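Chain residues, written in single-letter form:
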Amino acid sequence: MASFASRARRVADAPLSTQSGSPVLGAPPEPELDVHDIQGNGLGGFNKDYQCFLFLRILDAKAARTWLARVVPRISTLAEIVAFNRLFRSLRVRQGIDPPGVSATWLNIAFSYRGIAQFTSEELAQQLQDPSFQAGLFNISTSLGDPENRASWKFGGSEDTDAHIMLMIASDDPAHLTFAADRADSEIKEAVSSSGSPGLEVIWRQPSATLPGDLRGHEHFGFKDGISQPAPRGRVSSGALDFLVPRWLDPSDPDALLFAEPGRALVWPGQFVIGWQRQNLNDPVEPGTIDSDSPNWAKNGSYVVFRRLQQKVDAFHTFLKQEAQRLSKIAGFDNISGGRLGSMLVGRWPSGAPIMRVPDHDDLALGRDDLASNNFKYAADTRTPKLIPIDGPDDSFPQATADFEGRRCPLAGHIRKVNPRDQDTDLRSPIETLSKLILRRGIPYGSTTDADRGLCFVSYQSSIISQFEFLTKTWVDDSDRPRPAGGLDLVIGQRADSDRARTAFLRSSTGNSDSEPLVALADFVVPTGGGYFFAPSIRTLQDWSSR
Ligand code: N7H
């Protein structure tokens with residue numbers, strides 16, 4: 001399991017029994033989630049080293065429904081993923097290693113607007129009111145700042161190549177993955193109409209895998225990924241403290257009402273799954289309302305964004321090297337290396353250590369320590385958290401200090417643009433930022449020598465428009481937002497202008513108040529396929545397949 005092996009000793013190795021401590025005083029009751037009805041990848045996360053995404057078009061709706069009836073019993077639920085992860089964890093604690101032979105293969109499914117309309121009816125599909133979902137990614141792409149390259153997308157660049165269905169298959173073992181993907185392939189071939197013509201067509205098969213060796217868990221630019229995620233609130237059984245995301249802060253820690261582990265904010269599940277309480281925009285602890293706009297059949301479903309993002313790895317590193325040489329002659333940036341500049345643009349060092357905590361150098365031990373590597377804020381000094389008693393060293397790494405001006409972590413740093421944490425922004429208050437967070441379930445594609453390599457970006461949210469698109473349009477691609485203004489996110493940001501030049505502003509740590517512009521003339525991340533999808537509940541899938 002990628003997550004456990006690449007995570008630090010402490011969270012991964014602490015027995016779950018440590019969790020059954022006392023409740024946090026004043027904590028609101030959290031709902032018992034429908035773990036048998038919710039597909040597992042959103043709230044649970046596959047966290048597998050090998051994945052294959054199959055993108056399908058429906059050619060004959062009746063044949064597709066018969067096919068779906070065969071597939072639905074194998075769709076992996078949240079209950080299964082939680083149970084497997086717990087088993088894996090407890091074996092690992094006892095054995096001290098990733099338990100050999102304990103592996104799983106998961107399957108999830110999601111549909112585009114046109115896919116749902118084909119399976120059911122146009123009226124029913126329209127009940128999912130997210131306007132961007134209805135429009136489809138190909139209609140929204142330009143407004144995300146994408147280049148006009150949709151004609152060359154592998155799939156999803158137009159209505160004609162829109163993937164109606166996305167199958168997500170994931171495994172610990174590449175042979176098991178191939179077996180499951182081949183089985184899916186042959187079932188698709190067997191789905192034929194009454195006249196014998198194909199009922200479904202695979203329009204794109206996207207293999208993906210974690211990178212080899214020391215790059216495991218890293219993306220192609222070389223940075224560790226999958227570190228910071230919101231922690232969905234909710235329980236997986238009737239047990240009062242049987243939380244989906246374990247709580248590591250001691251109930252006496254002042255942040256225990258707000259965070260599951262240091263830096264990992266608790267967010268009401270309705271932000272990720274339809275039909276549950278959303279975040280309350282005035283209060284970070286108490287639940288907000290349950291979205292009343294969605295139909296009953298959408299309950300326990302999530303919107304899924306898939307973007308096949310090609311990474312221009314050589315161009316990124318060449319840019320860093322050249323710009324570091326230029327900057328190193330400017331007071332305050334003396335001797336800056338390309339590596340350090342890259343880490344400033346991301347907000348983390350390659351190991352995952354946040355530059356808010358170690359601005360001058362990477363710290364491999366901090367990068368490995370998942371109870372420390374996400375423990376930082378931007379607007380306030382960060383303190384050592386009080387954790388529940390678990391074995392392992394204390395967090396003795398340097399703490400982050402408040403960085404209002406972006407002298408430690410540039411305001412345009414990727415992780416700061418997409419999650420400004422406690423910082424005041426253009427929204428009413430940092431509490432509202434919690435309602436913008438997404439669950440990221442991406443995985444790299446391509447080998448380290450392929451020209452076409454990048455990230456299968458996958459995000460789960462309950463609103464595409466006000467979560468994924470908000471982050472992209474309003475923060476990543478806007479020079480002035482979130483406030484204070486700091487320029488564009490040079491890692492993933494895009495400008496739809498013809499020259500596509502993007503500017504970020506860097507401040508030196510030495511107190512000089514000027515900010516230094518850094519201009520990238522070409523994109524480092526280029527979309528080459530994708531779609532907007534909806535992953536329905538198991539019950540709804542059963543209903544659709546029996547129509
Ligand atoms: Fe990002 N990268 O290598 O620079 N991302 N991202 N991302 N990203 C993160 O904290 C990367 C993309 C978010 O809570 C890390 O887990 C690359 C899109 C969010 O502090 C790294 C691509 C969107 C976070 C990268 C890419 C986001 C985040 C640090 C494309 C949404 C969490 C690891 C190829 C619009 C921020 C970590 C937080 C973290 C990179 C895409 C969003 C290393 C290469 C499209 C919310």
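Scoring rules and cut-offs
Residues numbered from 1 in each chain as written. Predicted model: local features only at pLDDT ≥ 70, side-chain atom pairs only at ≥ 80, totals over all residues. Heavy atoms only, no water. Donors = N, O, S within 2.8 Å, 3.2 Å for Na, K, Ca; no water. Helix = DSSP H or I, 4+ residues; strand = E, 2+ residues; numbered from the N terminus. Pairing = 2+ DSSP bridges. Core = buried A, V, L, I, M, F, W, Y, C linked by side-chain atoms within 4.5 Å. Buried < 20%, exposed > 50% of the residue type's maximum accessible area, 1.4 Å probe, protein only. Contact = heavy atoms within 4.5 Å. Salt bridge = Lys/Arg side-chain N within 4 Å of Asp/Glu carboxyl O. Polar contact = N/O pair within 3.5 Å; in protein donor to acceptor, adjacent residues only side chain to side chain. 1 Å grid on protein atoms, 1.4 Å probe; cavity = no way out; pocket = protein on both sides within 12 Å on 5 of 7 lines; lining within 4 Å. Points joined across faces, edges and corners; volume = space filled by probe spheres on them. Nonpolar A, V, L, I, M, F, W, Y, C, P; charged D, E, K, R; others polar. Near = heavy atom within 4 Å.

J.: A description of the coordination of the iron atom of the ligand should follow, citing residues and the corresponding values.
T.: Donation to the iron atom of the ligand from the protein comes from one atom only, His414 (NE2), at 2.1 Å. Considering the arrangement of structural elements, one finds His414 in helix 14 (residues 414-418).

J.: Talk me through the sheet that holds strand 6 (residues 259-261); I want residue IDs and the actual numbers.
T.: Think of a sheet as strands paired side by side through backbone hydrogen bonds, with each pair either parallel or antiparallel. Taken in spatial order, the three strands make up an open sheet running 5-7-6, and their pairing is mixed. The sheet is open, and its two edges are formed by strand 5 (231-232) and strand 6, each paired on a single side. As paired strands, strand 5 and strand 7 (residues 264-267) are joined by two bridges and run parallel to one another. Within strand 7, the position partnered with Pro232 by the bridge is Val267.

J.: Could you give an account of the nonpolar core, with specific residues and numbers?
T.: Trp67 and Ile116 are the most contacted members of the largest nonpolar core, which has 92 residues in total. Looking at which element gives the most residues to this core, the answer is helix 11 (residues 313-327), with six residues. Setting aside chain neighbours within four positions, we find Ile116 in contact with Phe111, Ser121, Leu124, Ala125, Leu128, Phe133, Trp297, Phe534 and Trp544. By size, the runner-up hydrophobic cluster in this structure holds 49 residues, among which are Val82, Met166, Phe306 and Tyr460.

J.: Go over the pairing of strand 15 (residues 515-520), please, and point to the residues and values.
T.: Along strand 15, the buried face is formed by Glu516, Leu518 and Ala520; none of Ser515, Pro517 and Val519, which line the opposite face, is buried. Bridge analysis of strand 14 (residues 502-507) against strand 15 gives six bridges, and the strand direction is antiparallel. Pairing of Arg507 across the sheet is with Ser515, part of strand 15.

J.: Summarise the pattern of salt bridges; cite the residues concerned and give the values.
T.: Summed over the entire model, instances satisfying the criterion amount to 36 salt bridges. Arg205 is the partner of Asp182 in a salt bridge, and the nearest nitrogen-oxygen pair spans 3.5 Å. Here Arg205 lies in strand 4 (residues 200-209) and Asp182 lies in helix 10 (residues 174-190), a separation of 23 residues in the sequence. Note that Asp250 and Lys386 form a salt bridge whose closest N and O atoms lie 3.8 Å from each other. On the criterion of sequence distance, the pair formed by Asp250 in the loop between strand 5 and strand 6 and Lys386 in the loop between helix 13 (364-368) and helix 14 is long-range, its members being 136 residues apart. What makes Lys386 partly exposed here is its relative accessible area of 45%. Connected through salt bridges with shared partners, the residues Arg70, Arg74, Arg183, Glu187 and Glu190 form a single ionic network.

J.: Give me helix 12 (residues 338-346): which residues, what numbers.
T.: Listed in full, the buried residues belonging to helix 12 are Leu341, Gly342, Ser343, Met344, Leu345 and Val346. Lining the buried residues of helix 12 we find helix 11, helix 14, strand 14 and strand 15. Just past helix 12, the residue Gly347 takes up positive phi, approximately 105°.

J.: An account of the side chain of Gln494 is needed here, citing residue identities and associated values.
T.: Position of Gln494 among the secondary structure elements: in the loop between helix 16 (464-476) and strand 14. At 2.6 Å, the side chain of Gln494 and the side chain of Asp146 are in polar contact.

J.: Tell me about empty space enclosed by the protein, residues and numbers included.
T.: Remark: the empty space left among the atoms is shown by a probe the size of a water molecule rolled over them. Under the counting rule described, the total for this entry stands at one cavity of 30 Å³ or more. Of the voids in this model, the largest cavity is the one considered here, and its volume is about 60 Å³. What lines the largest cavity is Ile38, Gln39, Asn41, Gly42, Leu43, Asn108, Val273, Asn300, Ser302, Tyr460 and Ala535. With three residues, the single largest contributor to the lining of the largest cavity is helix 3 (residues 40-43). Classifying every residue of the lining of the largest cavity gives five nonpolar, six polar and no charged.

J.: Got a sec to walk through the site of the ligand? Specific residues and values, please.
T.: Taken together, 25 residues lie around the ligand, and Ile227, Ser228, His414, Arg421 and Arg440 are the ones closest in. Here an oxygen atom of the ligand and a side-chain polar atom of Arg348 are 3.3 Å apart. Arg421 places a side-chain nitrogen or oxygen 2.8 Å from an oxygen atom of the ligand. If you list the elements that add at least two residues to the shell around the ligand, you get strand 10 (302-311), helix 14, strand 13 (454-461) and helix 16. The biggest single contributor to the shell around the ligand is helix 14, with three residues. Looking at the shell around the ligand residue by residue, the classes come out as 13 nonpolar, six polar and six charged.

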